[in-house]
Each structure stands twice: as C-alpha cells, then as structure tokens.
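Survey of secondary and tertiary structure
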Amino acid sequence: MVLNDQIGFNSLKRKIYERTGLDCSKYRDNYLKRRIEQRMRVVGAASSYHEYYRFLEKNHGEYDSLLDGITINVTEFFRDTETFDAFKTEVIPQLLTEKRKRNSNMLRIWSAACSIGEEPYTIGIILYETLGSGLSNFLISIQATDIDAKALRVARAGIYDAHALKKMSNYTVSRYFDAVDGTGTYRIKDNVKHLVRFQRHDLISGRKFSHFDIIFCRNVFIYFQKEFQSRLLIDFYNALNDGGYLVLGRTETMTGEAREKFLCVNTKERIYKKVGIN
C-alpha cells in the first residue's frame, strides 16, 4: 500500500526538493502524504509513490500543481473576525502610543504566508478605519510574502469574487473596492493596494527579515514539524522590533525557546509581544 511505502515517500520528497527547492522534511509527514496522494489520484498515478515519481519525471508541469497542493492555505477577508478586532482595538493603540513616545512615524507589518492577499489587504483596510485622515502622518509598509507564485499573481491583481467579501458590510465593500463591470468581481482600491508589497519568500529557506512592528503568521504552523515551528518563532522574534507583536492562528501556541521571549497579551486570539532578552 502507498501509506506503507516509506522508502518511496522519502525518495519523492528528495526529488521535490531537487526540482523545486521546497524542503519537505520540515512538513509533517501525514500532511504531506495527504496532499501528495491527492495529486496522485488526480493524475491517475495512485498505485505507489514510485509511480508518481515516474509521472513527475515525464510531466514536469505537475510540479507546479503539486506545490499548489502542498502550500495551499484557506484564506478570506477578515478571517477570524475577533482576531482583527483585537488587532484594531488593542494592538494598534498600544503600538501607536509607543511610536509617539519615540517620535517615530514608521509602521512596518509582515503578513507571512499571505496566500492570495486577503490578509494583508484586510490589515490595510483596518489601518484606514483606525487612523482615518491620520494615516498620512505615518510611513506605512505592509510586506506580504508567500512561496506560491501563482497565489501572489492573484494577490497583486487584487480582484476577488463577491463570496470573498462576505464578512464585510456593504459600506466597507463600497469604500475599499470597485466593482468590475459585468464580472461579479471586485478590485481592491489603490489607496489600500499601495500599502502592500508582495514578495515570493520561503519561510523555511528564505532570507531573514528584520525591523517589523507586527508579524502575522496565522494557521501555518500546523503544517510544520515541531522543530521547525520553534526555529521559525525565533526567526520572527529576531525580525521584530523591541515591543513588537506576533499574531498566530487561534489553534497555534508557542514552543521551544520562544516561550521565554514572548509575552502573551491576548490568549484567545494568540497575540504575543516581544520581550527583552533575558
């Protein structure tokens, strides 16, 4: 059976890394197997990992579909509304108070594993709603990254169907989106779009970032091995300014050394604040 073929599975993981640079060893095996076997059934190579290996060798375009399957994330505007409410009413006011004390007008936010862009655009909308006309007093940058090039193309276009906007009021939709005539889709307005810069980036092997005030990395850790979760949390710690905030998914928790480096400021919404080095 496929599930018992660990040798074939390991060979396939190595081949994926050689061809795409995606280090499958950092993902949980059960998750990887589900995603790979889904593609095996789609292409009719479901008898063994070795059969799918041979299929990949003859059909290099399948690597793109496989990567889409492995890196797929469920996303939507204002996903987990309570989390964004806490961001708006707790995190932003505290952060702006600190900014004023330091006489700083720079605000840098990272949306890690941003998929097709709903999260960073949601962040931009909230900043407009919170700061109003005062937004022009700040130099705001939202960096949005993902490993999936196809998802990033959708994100940069900023066009979404009506279902993606279901959690927003008609007022919010009309204020921040333009209807695309005759298509049933909506385009994010330029004032929000210009706040966001999209970039392809692999959380596993990509370069390290720094000097962020807030990092969102939500519902991503569940796909990774515990060891890598711990390492990634330290990367986020190093990427944050002193007193910066990290927002995780509502089912995700701190692991390893990072537990001593972050203070949980909202347990339910998994919002953490960077503390000084002990």
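Before reading further, recall that the structure is shown in the block above.
Thresholds applied
Residues numbered from 1 in each chain as written. Predicted model: local features only at pLDDT ≥ 70, side-chain atom pairs only at ≥ 80, totals over all residues. Heavy atoms only, no water. Pairing = 2+ DSSP bridges. Helix = DSSP H or I, 4+ residues; strand = E, 2+ residues; numbered from the N terminus. Right-handed = clockwise from strand over helix to strand, strands pointing away. Buried < 20%, exposed > 50% of the residue type's maximum accessible area, 1.4 Å probe, protein only. Arc of directions from axis to C-beta. Contact = heavy atoms within 4.5 Å.

**Examining the pairing of strand β8 (residues 240–248)**
Of the strand pairs in this sheet, strand β7 (residues 212–217) and β8 are connected by five bridges, and their pairing is parallel. In the strand pairing of β8, I215 is matched with L246. In this fold, β7 hands off to helix α10 (residues 226–239), which returns the chain to β8; that crossover is right-handed. Relative to strand β10 (residues 271–274), β8 runs antiparallel, the two being bridged by three bridges. When the sheet's bridge partners are listed, V247 is paired in β10 with I271.

**Here we look at unusual backbone geometry**
The backbone of S115 shows a phi angle near 55 degrees, a positive value even though the residue is not glycine. Of note, S115 is situated in the loop between β1 (106–112) and α6 (118–131). Overall, S115 belongs to the buried group, its relative accessible area being 10%. A positive phi angle, close to 65 degrees, is found at H211, a residue other than glycine. Tracing the backbone through its elements, the reader meets H211 in the loop between β6 (196–200) and β7. Note on H211: relative accessible area 52%, which makes it exposed.

**Description of helix α3 (residues 49–58)**
Of the positions making up α3, those classed as buried are Y49, Y52 and L56. Angularly, the buried residues of α3 cover 60 degrees about the axis, an arc narrow enough to put them on a single face. In this fold, the buried residues of α3 make contact with α1 (6–20), α2 (29–43) and α4 (62–71).

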